[in-house]
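# Examination of the molecular architecture
Here is how the chains run, residue by residue.
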Amino acid sequence: MLICDDTRDLHFYLGTHRASWLTTAPIDVSLFISHRVLRTYKRLPAPPYWPFWRPGIPRRHVAIDSGAFTELSMFHEFVTTPEEYLAALARYDEAMELDWCAPQDWMCEPWMLAKTGLTVAEHQRRTVANFLRLVALWPEFSDADCPVMPVLQGWSVDDYLACVSLYEEHGVRLAEDYEIVGVGSVCRRQATAEIGDIFRTLAELDLPLHGFGVKLAGLRRYGRYLVTADSMAWSYAGRRTPTQCGSTRHKSEANCQVFALNWRARVEAVAAEAKREIGQPDQLDLFPTPARAAQQRATRPIKQVAAACPGRDDQLDLFAAA
């Protein structure tokens, strides 16, 4: 049974590079903001009700991105130490009570591997090692529960499954002990069938999946398998959109909160539609990727295949890689 279901709405975090939105955005809008944005503030723009929050008052939901993509792109390694990152997270958590934080994970896109000169397996090893180190060091910085979540990295389906096994080898029970498990290295290939295949395969392991940088095309393809997601795609689209909100203070919508909130409404509508499709057949089954085809051939009992279509060739084999 998949952990995602049509009775549980996808929780969407609106990505922003504007720290002031922690104060100015509607309180029911969950925000995803980078450590690289917040680290420059001596005094954090905390939600207006903080620190006088008490049970019964709506709380701003906030998640933190480690800025890993930017650091690896610029420096090909992390210049922020785990200790520096945790000290910052403890400060943020005290100011606004974080939902969760991403680790300093290593992306596995081919062009990122070219920058670091490392393999997918080494990026995975470093991702898991960093997560374990952050969790182990957290009590030195805060008495609160550790907000760092595990992230799976890889490129193919088999890569992500290998990353799951790597966590298990270190005693990390992803499905049992964590409310969120991130899936990295996907935001630039969301329109591909392989991405839907990756998320479906991981969801079948009962993992509560978070999609990083999800776009509308990605939500339509694999939104049914997600528990949470984030995106800043609105800002990229806003760069090419002349002012629509009536403001005379900006020439495009790249930094406009009104534009972002309207885009968020579209995302939530697409996400709700994706959740309603949980009980329907997945069109990915008609065109399995090579990894899924191999997995199906390896796991499906021979007698079951023979009984399904005795004396006939399976037409799905026409689409399965050898």
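Structural notes, computed from the coordinates. Just so we're clear, the structure is a prediction, and the values are computed from it rather than from any experiment.

Rules and cut-offs
Residues numbered from 1 in each chain as written. Predicted model: local features only at pLDDT ≥ 70, side-chain atom pairs only at ≥ 80, totals over all residues. Heavy atoms only, no water. Buried < 20%, exposed > 50% of the residue type's maximum accessible area, 1.4 Å probe, protein only. Helix = DSSP H or I, 4+ residues; strand = E, 2+ residues; numbered from the N terminus. Polar contact = N/O pair within 3.5 Å; in protein donor to acceptor, adjacent residues only side chain to side chain. Contact = heavy atoms within 4.5 Å. Patch = residues over 30% accessible without salt bridge, like charges linked within 9 Å, V, L, I, M, F, W, Y side chains within 5 Å. Areas by Shrake-Rupley, 256 points an atom, 1.4 Å probe, with all protein chains shown as cover. Salt bridge = Lys/Arg side-chain N within 4 Å of Asp/Glu carboxyl O. Axes fitted to C-alpha atoms, helices over the stretch in contact; angles between N-to-C directions. Parallel < 35°, antiparallel > 145°, perpendicular 65-115°, else oblique. Left-handed = near helix turned anticlockwise from the far one by under 90°. Nonpolar A, V, L, I, M, F, W, Y, C, P; charged D, E, K, R; others polar. Phe/Tyr/Trp six-rings, centres within 6.5 Å; stacked < 30°, edge-to-face > 60°. Lys NZ or Arg CZ within 6 Å of the ring centre and 35° of its normal. Pairing = 2+ DSSP bridges.

Of note in this structure, His-76 is not a glycine but carries a positive phi near 65°. Even without being a glycine, Asp-206 presents a positive backbone phi close to 65°. With relative accessibility at 32%, the residue Asp-206 sits in the partly exposed group.

On to the side chain of Thr-16. In this structure, Thr-16 sits in strand β1 (residues 11–16). Here Arg-18 takes part through its backbone nitrogen, which lies 2.9 Å from a polar atom of the side chain of Thr-16. Not counting residues up to four positions away in its chain, the partners in contact with Thr-16 are Trp-21, Leu-31, Phe-32, Ile-33 and Met-232.

Turning our eyes to something else, we now look at a nonpolar patch on the surface. Together, Met-74, Phe-75 and Val-79 give the surface a local cluster of nonpolar side chains, amounting to about 270 Å² of exposed area. Relative to the elements of secondary structure, Phe-75 occurs in helix α3 (residues 68–75).

Look at helix α7 (residues 157–169) against helix α9 (residues 193–203): their axes get within 9 Å of each other, and the N-to-C directions meet at 30°. By the angle between their directions, the pair α7 and α9 is classed as roughly parallel. Considering the relative orientation of α7 and α9, their crossing is right-handed. In contact with Val-157, Tyr-160, Leu-161 and Val-164 of α7, α9 contributes Glu-194, Asp-197, Ile-198, Thr-201 and Leu-202. Its residues placed into classes, the contact of α7 with α9 shows 6 nonpolar, 1 polar and 2 charged.

Next up on the list: the pattern of salt bridges. Note on pairing: side chains with opposite charge can pair once their charged atoms come close. Within this structure, the stated rule accounts for 9 salt bridges. With a shortest N-O distance of 2.7 Å, Arg-126 and Glu-122 are connected by a salt bridge. Here Arg-126 and its partner Glu-122 are both found in helix α6 (residues 120–137), 4 residues apart, which amounts to about one turn of the helix. The partner of Asp-197 in a salt bridge is Arg-200, and the shortest N-O contact between them spans 3.6 Å. Taken together, the positions of Asp-197 and Arg-200, both in helix α9 and 3 residues apart, correspond to about one turn of that helix. Owing to a relative accessible area of 2%, Asp-197 belongs among the buried residues under this scheme. You can call Arg-200 buried: its relative accessible area is 5%. Linked through salt bridges whose partners overlap, the residues forming this network are Glu-122, Arg-125 and Arg-126.

To continue, consider the packing of aromatic side chains. Enumeration over the complete set of coordinates arrives at 11 aromatic pairs. A centroid spacing of 5.6 Å and a plane angle of 40° characterise the contact between Phe-32 and Trp-100, whose relative ring orientation is tilted. Here the residue Phe-32 occupies a position in strand β2 (residues 30–34), and Trp-100 occupies one in strand β4 (residues 100–101), the gap between them amounting to 68 residues. Grouping residues by exposure puts Phe-32 and Trp-100 together as buried. Relative to Phe-212, the ring of Trp-100 lies with its centre 6.5 Å away and its plane at 80°, an arrangement referred to as edge-to-face. Highlighted residues: Trp-100 in strand β4 and Phe-212 in the loop between β7 (209–211) and α10 (216–222), separated in sequence by 112 residues. By relative accessible area, Trp-100 is classed as buried at 4%. Judged by its relative accessible area of 14%, Phe-212 is buried. Three or more aromatic residues link up through ring pairs in this structure, and these residues are Tyr-13, Phe-32, Trp-100 and Phe-212. The residue whose ring lies beneath Arg-126 is Trp-106, and the NZ or CZ to ring-centre distance is 4.9 Å.

Moving on: the pairing of β2. With 5 of 5 residues buried, β2 lies mostly within the body of the structure. Of the two faces of β2, the one carrying Ser-30, Phe-32 and Ser-34 and the one carrying Leu-31 and Ile-33 are both buried. Where β1 and β2 come together, 4 bridges link them in parallel fashion. Across the sheet, the residue bridging to Leu-14 is Leu-31, located in β2. Pairing analysis gives 4 bridges linking β2 to strand β3 (residues 62–65), with the strands arranged parallel. Directly across from Ser-34, in β3, lies its bridge partner Asp-65.

With that settled, consider the sheet that holds strand β8 (residues 226–231). Sheet architecture is open: 8 strands sit in the order β4-β3-β2-β1-β8-β7-β6-β5, paired in parallel fashion. The open sheet has two edge strands, β4 and β5 (151–152), and neither has a second partner. Two strands pair when backbone bridges link them, and β1 and β8 are joined in this way by 4 bridges, in the parallel orientation. Of the residues in β8, the one forming a bridge with Tyr-13 is Asp-230. Each of β5, β6 (181–183), β7 and β8 touches α9; the most contacted strand, β7, lies at about 160° to it. Its contacts with the sheet place helix α12 (residues 257–276) against β1 and β8, and it is angled at close to 150° to β1.

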